[in-house]
Amino acid sequence: MTFDKKCYSHKKRNCSKAVPWWNADCDRVVLQAKVALLSYKHYPNMENYIIFKKLDALKKRTLYEIKRSSWMNLCSSFNRLTSSKIIWDHIRRFKHAKLNHISSSSSFFQNPANASLFLDSITGSENEISESKLKDFFNSHGKPEAQWMVDPFSMGEFATALENKKETSPGPDFIPYKVIKNLPQYAKEILWQIFNDLWQNNCIPSNWKTQHVVPILKLYKDPNCINSHRPISLTSCFSKIFETMLKNRLEWFTENNNLIPSTQYGFRKDIKGAFDNIDHSYLIESLHSLGFPGHVLFWLYNFLNKRSMFLKIKSSLFGPKISTKDFDLSWKTHIDVICKRAELGLNILKSLTGVKWGADPKVLKTIYIATIRSHFDYGSMFFSDANFSILRKLDIVQNRALRIITGAMMSSPINSLEVEAEFCWVPGHSGIVGNEFVDKLAKSTKDINISDFKVPYSDLVYSIKQNMMKRWSNYLSKSRETKGFKFTLNLATFTTS
């Protein structure tokens, strides 16, 4: 090639800010391909053409491999707590698409009917726990070792809760954390004393139970649809500081009294948002059974029940809507929430099937485990005994994910897809021999002292998985052997006659 590289003035492309996977190797192969192209344009002969085609193919292959490898590494960092918005942002950056700014459809919610429908969609039903049962809970003294929880909060507890707060949008009082943190020490001590007076007298300011809900339009969604908006709740910063102080006490007591099983390693500190995501009657009853004082139960119940919600559109407020929780222990509401979150993961899987760097089954399975399956597994020991018709909703979501990952048709048997993708049990899979076998083994070990065994839990899980895979393979092999056998006999009889 006779083209002099020095005569080509190349302005280095700064793609590192545009796409996260771009590196020095990408710059190198792109530059080589461009130099070869210019050389062929200046000296159009077969030799330069072949060199250009080889370098252009090398460029495409290198960019694809780097992009795919970077995406796989990123997928391994996703988990149950990863926001779907963050995952979508990563996908758009990999696609080199522009990120839309956050916006809201103020004109749509100017209609009071639409505002009321939106508030109804995010509030619970109006079933309440019986007063007699509440009275028994609230009058209980709890365990002796839990009596310290009703004591006034120390200044250290207040300072720790305030220090760990990050700057967020303020609630109805418009007082942000920055103002509270910059208060002089004497003012912080006054606020600390006010918190203790509220705690000792079981008094909750009405402002703490008031929420301003801001609807945020989801990307690429119809602004005139209720479900196209994500509710963002703004509550008082003072309320959230007090919540953190109480949460720290609950967390310390459960950890130091071994109330959480030692076999549970994940999410031990993950109490954030728990009050809003579980059945409140179950929460109060569970805390009562664990020996928490009635004073704590009374404060929690009053704080969580009958909260007022206002829909905030710019400077206008619509509402209020009184939010009460459904205390029916059928787990229907909880399962519906899980399915709604899993739907976000399904949309992510569908988006990735249309690109080469994200359509690999291993990558899709990693995304499934992080964005869908993690919601199924978290707390499944509590709702595993729910009605089959309710748990069946989880099966439907998983089956949809199976077909997306494997690329199978709707007529493909689910059993074979589960073996191919190496999917394991979810609570709705009742009636499956492999699951019932594993469940039977688990129940048979309830009276065995696990400390007597030196086998790591990871080895036990691997052994069980291998056994299940072997049983499934044998079952599918027998199914293939007998498939169409009766039809063959009838056909033979027809031909001989």
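Residues numbered from 1 in each chain as written. Predicted model: local features only at pLDDT ≥ 70, side-chain atom pairs only at ≥ 80, totals over all residues. Heavy atoms only, no water.

Looking at an unreviewed UniProt entry, one finds the protein named Reverse transcriptase domain-containing protein, with Bombyx mori as its source organism.

K.L.:
Please give an account of the overall build of the protein that cites residues and values.
P.N.:
Looking only at helices and strands, one finds 21 helices and four strands in the protein. Burial statistics for the protein: of 497 residues in total, 37% are counted as buried. Nonlocal contacts in the protein, meaning residues at least 24 apart in sequence, comprise 73% of its contacts between residues at least 6 apart. Of the roughly 29,500 Å² of accessible surface on the protein, a fraction of 57% belongs to carbon and sulfur atoms. (Helix = DSSP H or I, 4+ residues; strand = E, 2+ residues; numbered from the N terminus. Buried < 20%, exposed > 50% of the residue type's maximum accessible area, 1.4 Å probe, protein only. Contact = heavy atoms within 4.5 Å. Areas by Shrake-Rupley, 256 points an atom, 1.4 Å probe, with all protein chains shown as cover.)

K.L.:
I'd like a rundown of the nonpolar core, residues and numbers included.
P.N.:
Within the largest apolar cluster, 41 residues are counted, with the highest numbers of intra-cluster contacts made by Trp71, Ile335, Leu349 and Ile372. Sorting the residues of this core by element identifies α1 (24-42), α2 (46-75), α3 (84-94), α14 (332-352), α15 (361-377) and α17 (388-406) as the ones contributing at least two each. Broken down by element, the residue count for this core peaks at eight residues, all from α14. What Leu349 contacts, discounting residues up to four positions off in sequence, is Leu364, Ile367, Tyr368, Ile372, Ala401, Ile404 and Ile405. (Core = buried A, V, L, I, M, F, W, Y, C linked by side-chain atoms within 4.5 Å.)

K.L.:
With reference to specific residues and values, describe a nonpolar patch on the surface.
P.N.:
A cluster of nonpolar side chains, namely Met46, Tyr49 and Ile50, defines an oily patch on the protein surface of about 290 Å² accessible area. Within the element layout of this structure, Met46 appears in helix α2. (Patch = residues over 30% accessible without salt bridge, like charges linked within 9 Å, V, L, I, M, F, W, Y side chains within 5 Å. Salt bridge = Lys/Arg side-chain N within 4 Å of Asp/Glu carboxyl O.)

K.L.:
With reference to specific residues and values, describe unusual backbone geometry.
P.N.:
Located in the positive-phi region is Phe174, a residue other than glycine, with phi close to 60 degrees. Along the chain, Phe174 falls in the loop between α7 (155-163) and α8 (177-181). Phi angles above zero are rare outside glycine, and Asn202 is one such case at about 55 degrees. Inspection of the secondary structure puts Asn202 in the loop between α9 (185-200) and β1 (210-217). A relative accessible area of 25% means that Asn202 is categorised as partly exposed.

K.L.:
For the environment of Phe298, give the residues involved together with the corresponding values.
P.N.:
Here Phe298 shows up in helix α13 (residues 294-304). The sequence separation of Phe298 and Phe138 amounts to 160 residues, and the corresponding C-alpha distance is 5.6 Å. Excluding residues within four positions of it along the chain, Phe298 makes contact with Phe138 and Asn202.

K.L.:
Explain α9 residue by residue, including any values.
P.N.:
Residues separated by three or four positions in an α-helix point in the same direction, a consequence of the helix having 3.6 residues per turn. The end-to-end C-alpha distance of α9, which contains 16 residues, comes to 23 Å, matching closely the 22 Å that a straight helix rising 1.5 Å per residue would cover. Buried residues of α9: Ala187, Lys188, Leu191, Phe195, Asn196, Leu198 and Trp199, and no others. Those residues of α9 hidden inside the fold are in contact with α7, α8, α10 (237-256) and α13. Within two residues after α9, Asn202 carries a phi angle of roughly 55 degrees, on the positive side. (Expected span 1.5 Å × (residues − 1).)

K.L.:
Any chance you could break down the environment of Asp197 for me, citing the residues and the numbers?
P.N.:
Along the chain, Asp197 falls in helix α9. Looking at Asp197, the relative accessible area reads 48%, which means it is partly exposed. Placed 45 residues apart in sequence, Asp197 and Pro152 show a C-alpha to C-alpha distance of 8.3 Å.

K.L.:
Requested: an account of the pairing of β1, with residues and values cited.
P.N.:
Moving residue by residue along a regular strand, the side chains alternate between the two faces of the sheet. The buried fraction of β1 amounts to seven of the eight residues, a majority that puts the element mostly inside the structure. Here four bridges tie β1 to strand β3 (residues 307-313), and the two strands are oriented parallel to one another. The residue of β3 that forms the bridge with Thr210 is Ser308. In this sheet, strand β2 (residues 229-234) lies alongside β1 in antiparallel orientation, the contact comprising six bridges. Bridged to His212 within β2 is Leu234. (Pairing = 2+ DSSP bridges.)

K.L.:
Kindly report on the packing of aromatic side chains, identifying the contributing residues and their values.
P.N.:
The tally for this structure, following the rule as stated, stands at 14 aromatic pairs. A ring pair is formed by Phe153 and Phe242, whose centres lie 5.4 Å apart and whose planes are at 75 degrees; its orientation type is edge-to-face. With Phe153 in the loop between α6 (131-138) and α7 and Phe242 in helix α10, this residue pair connects regions lying 89 residues apart in the sequence. Taken individually, Phe153 and Phe242 each receive the classification buried, so the pair is uniform in this respect. On the basis of an interplanar angle of 70 degrees and a centroid distance of 5.8 Å, the ring pair of Phe158 and Phe195 is categorised as edge-to-face. In this pair, Phe158 sits in helix α7 while Phe195 sits in helix α9, placing the two residues 37 residues apart along the sequence. In terms of burial, Phe158 and Phe195 fall into one category: buried. In textbook terms, an aromatic cluster arises when at least three aromatic residues are bridged by ring pairs, as seen for Phe153, Phe158, Phe195, Trp199, Trp208, Phe242, Trp299 and Phe303. Above the plane of the ring of Phe153 lies Arg249, whose end atom (NZ or CZ) is 4.1 Å from the centre. In this arrangement the basic side chain of Arg307 is found over the ring face of Phe303, its NZ or CZ atom lying 4.7 Å from the centre. (Phe/Tyr/Trp six-rings, centres within 6.5 Å; stacked < 30°, edge-to-face > 60°. Lys NZ or Arg CZ within 6 Å of the ring centre and 35° of its normal.)

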